[in-house]
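This is what each chain is made of:
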Amino acid sequence: MRLLSSLFAGALGLAISTGSTAWAQSYPGKPVNVISAFSPTTLDFILRLVNRPFQEKFKQGLVIENRPGAGGNIAAEAVARSAPDGYTLLVTTDTVVTSNPHMYRNLNFKADVELVPVIYLANTSQTLVCDPSVPVKSVSDLVTYAKSHDMSYASGGKGVPGHLAAEMFLAATGLRMTHVPYKGPNAAVQDMIEGKVQCGFLSTAVVMPHVKSGKLNGLAVSTAKRSPSAMELPTVSEAGIAGYEATFGDLLLAPKGTPPQVLAALNEAIGAVLAQPDARDKFLASGLEFVPNTPEQAATRLRRESDKWLQVVERLGLRAD
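Remember, predicted model here, so these are calculated numbers, not experimental data.

This part covers the overall build of the protein. For the protein, the helix and strand inventory stands at 14 helices and 11 strands. Considering only contacts in the protein between residues 6 or more positions apart, those separated by 24 or more positions represent 80%. Surface exposure of the protein reaches about 13,300 Å², of which carbon and sulfur atoms provide 52%.

Now the structure itself:
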């Protein structure tokens, strides 16, 4: 665990109506626990970025705990089982809500029912990368090579964005590769650099430093448009797989039943930070994009993405149990 002091205090009071002044002054009255569904990665980066502007105003601490595993389900279930009082939150990729309920058939909870969104923190992409020992320099090279060689691909876990992006790619190209899931993209990157796994779709923010250093070959990004931090790489669609697009998002969630004023206050406080030019520049440098959104707008997006991934999961017959 790590204690990140000073996150929302000053902004919280401003975010709530005059009629809720007493509530604003009393919340938070103790540290706020944020459970991360994955090992330290862009999620932690975002929270550190949000933390800084409120360091001198916040009167409580934000306690971050990483609980990776099961595609984010371990952390998600812990938060879903927590009291809906604003003191336990989940930071995760949206796949925990949009695709996991369709892929994991033996869960003891329903993330898409028992968790509600606070805010979408960032739009994210996955980048198709390969170990430099694999003799490919482009998506077309990889397609040709993989047709005559046994290959494996890494992801940050079953059901996570990289897994979904890769399966969509394999379905679109008719290729077959063995899936090697890890507990987060960092472990996957390390094994790929060591030549233990050949390729993979992994977080753009995580892999681009290794692409730029030459430790990995970057082939394409999963989104409909190029990533600001990887403008030299084409999209998968530009690289010849017409119509391919896999966009994901990082978001903050709370247990169902959390008071609307808590959700609204946290949303406005965090959104105000992420909309600042300095934060926007840091986001772009990391391949992230923040688009202001309310809890209601985030909920609408989650429903839309859930419908989309349900169709993909059923069409491809994906299972994670």
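This part takes up the side chain of Thr-127. As for its position among the elements, Thr-127 is in strand 6 (residues 126-130). Residue Thr-127 is classed as buried on the basis of its relative accessible area, which comes to 0%. Only 2.7 Å separates the side chain of Thr-127 from the side chain of Thr-204, close enough to count as a polar contact. Not counting the four nearest positions on each side in its chain, Thr-127 is found in contact with Gly-200, Phe-201, Leu-202, Thr-204, Val-207, Ala-220, Val-221 and Leu-233.

Packed helices, taken two at a time, are described by their axes: the angle between them and the distance between them. The interhelical angle for the contact between helix 10 (residues 185-193) and helix 11 (residues 204-213), taken along N-to-C directions, is 25°, at an axis separation of 10 Å. If you check the angle between helix 10 and helix 11, you find them roughly parallel. Where helix 10 crosses over helix 11, the two elements pack in a sense that is right-handed. Facing Pro-185, Asn-186, Val-189 and Ile-193 of helix 10, the residues of helix 11 in contact are Val-206, Val-207 and His-210. Here the residues of the contact of helix 10 with helix 11 sort into five nonpolar, two polar and no charged.

Let's shift gears to the pattern of salt bridges. If charged atoms from side chains of opposite charge come close, those side chains can pair. Summed over all chains, the structure comprises 10 salt bridges. Arg-81 serves as the salt-bridge partner of Glu-114, at 2.7 Å between the closest nitrogen and oxygen. Separated by 33 residues along the polypeptide, Glu-114 in helix 7 (residues 111-114) and Arg-81 in the loop between helix 4 (73-80) and strand 4 (88-93) bring together distant segments of the chain. On the basis of relative accessible area, Arg-81 is assigned to the partly exposed category, the value being 46%. Note that Lys-196 and Glu-194 form a salt bridge whose closest N and O atoms lie 3.2 Å from each other. Lys-196 gets classed as exposed once you look at its relative accessible area, which sits at 55%. A relative accessible area of 44% places Glu-194 in the partly exposed class.

With that settled, consider the pairing of strand 7 (residues 152-155). Going residue by residue along strand 7, you find Ser-152 and Ala-154 tucked away on one face and Tyr-153 and Ser-155 tucked away on the opposite face as well. Where strand 7 meets strand 8 (residues 178-181), four bridges bridge the pair, whose relative direction is parallel. Bridging from a neighbouring strand, Ser-152 pairs with Thr-178 of strand 8. Note on the crossover from strand 7 through helix 9 (residues 161-173) to strand 8: the handedness is right-handed.

The description of an aromatic ring pair uses the distance of the two centres, along with the angle that the planes make with each other. In the structure shown here, the tally under the stated rule is four aromatic pairs. Ring geometry for Phe-201 against Tyr-244: centres 6.3 Å apart, planes inclined by 25°, an arrangement best described as stacked. Remark: Tyr-244 occurs in the loop between strand 10 (217-221) and strand 11 (248-255) and Phe-201 occurs in strand 9 (residues 199-203); sequence separation between them is 43 residues. The ring of Tyr-120 has Arg-301 sitting right over it, with the charged end atom 3.8 Å from the ring centre.

We now examine unusual backbone geometry. Unusually for a residue other than glycine, Ala-70 sits at a positive phi of about 55°. By the secondary structure assignment, Ala-70 is in the loop between strand 3 (61-66) and helix 4. Owing to a relative accessible area of 39%, Ala-70 belongs among the partly exposed residues under this scheme.

What follows covers the environment of Gly-71. Its place among the elements puts Gly-71 in the loop between strand 3 and helix 4. Look past the residues within four positions of Gly-71 in its chain and what remains in contact with it is Phe-38, Val-96, Asn-100, Tyr-104, Lys-158 and Val-160.

Another aspect to go through is the state of the cysteines. Counted under the stated rule, the structure contains one disulfide. Through a disulfide, Cys-130 is tied to Cys-199; the S-S separation comes to 2.2 Å. For the disulfide bridge between Cys-130 and Cys-199, the dihedral angle about the S-S bond is near 100°, and by the sign convention the bridge is right-handed. Residue Cys-130 is found in strand 6, and its partner Cys-199 is found in strand 9; the two are separated by 69 residues along the sequence. For the pair shown, Cys-130 and Cys-199 are each scored as buried.

This part takes up the packing of helix 3 (residues 42-51) against helix 13 (residues 277-285). Taken N-terminus to C-terminus, the directions of helix 3 and helix 13 make an angle of 165°; their axes are 11 Å apart at the nearest point. In this view, helix 3 runs roughly antiparallel relative to helix 13, as classed from their interaxial angle. Relative to helix 13, the crossing made by helix 3 is right-handed. Together, Phe-45, Ile-46 and Leu-49 of helix 3 and Ala-279, Lys-282 and Phe-283 of helix 13 make up the contact between the two elements. Classifying every residue of the contact of helix 3 with helix 13 by side-chain character gives five nonpolar, no polar and one charged.

Parameters and conventions
Residues numbered from 1 in each chain as written. Predicted model: local features only at pLDDT ≥ 70, side-chain atom pairs only at ≥ 80, totals over all residues. Heavy atoms only, no water. Helix = DSSP H or I, 4+ residues; strand = E, 2+ residues; numbered from the N terminus. Contact = heavy atoms within 4.5 Å. Areas by Shrake-Rupley, 256 points an atom, 1.4 Å probe, with all protein chains shown as cover. Buried < 20%, exposed > 50% of the residue type's maximum accessible area, 1.4 Å probe, protein only. Polar contact = N/O pair within 3.5 Å; in protein donor to acceptor, adjacent residues only side chain to side chain. Axes fitted to C-alpha atoms, helices over the stretch in contact; angles between N-to-C directions. Parallel < 35°, antiparallel > 145°, perpendicular 65-115°, else oblique. Left-handed = near helix turned anticlockwise from the far one by under 90°. Nonpolar A, V, L, I, M, F, W, Y, C, P; charged D, E, K, R; others polar. Salt bridge = Lys/Arg side-chain N within 4 Å of Asp/Glu carboxyl O. Pairing = 2+ DSSP bridges. Right-handed = clockwise from strand over helix to strand, strands pointing away. Phe/Tyr/Trp six-rings, centres within 6.5 Å; stacked < 30°, edge-to-face > 60°. Lys NZ or Arg CZ within 6 Å of the ring centre and 35° of its normal. Disulfide = S-S within 2.5 Å.

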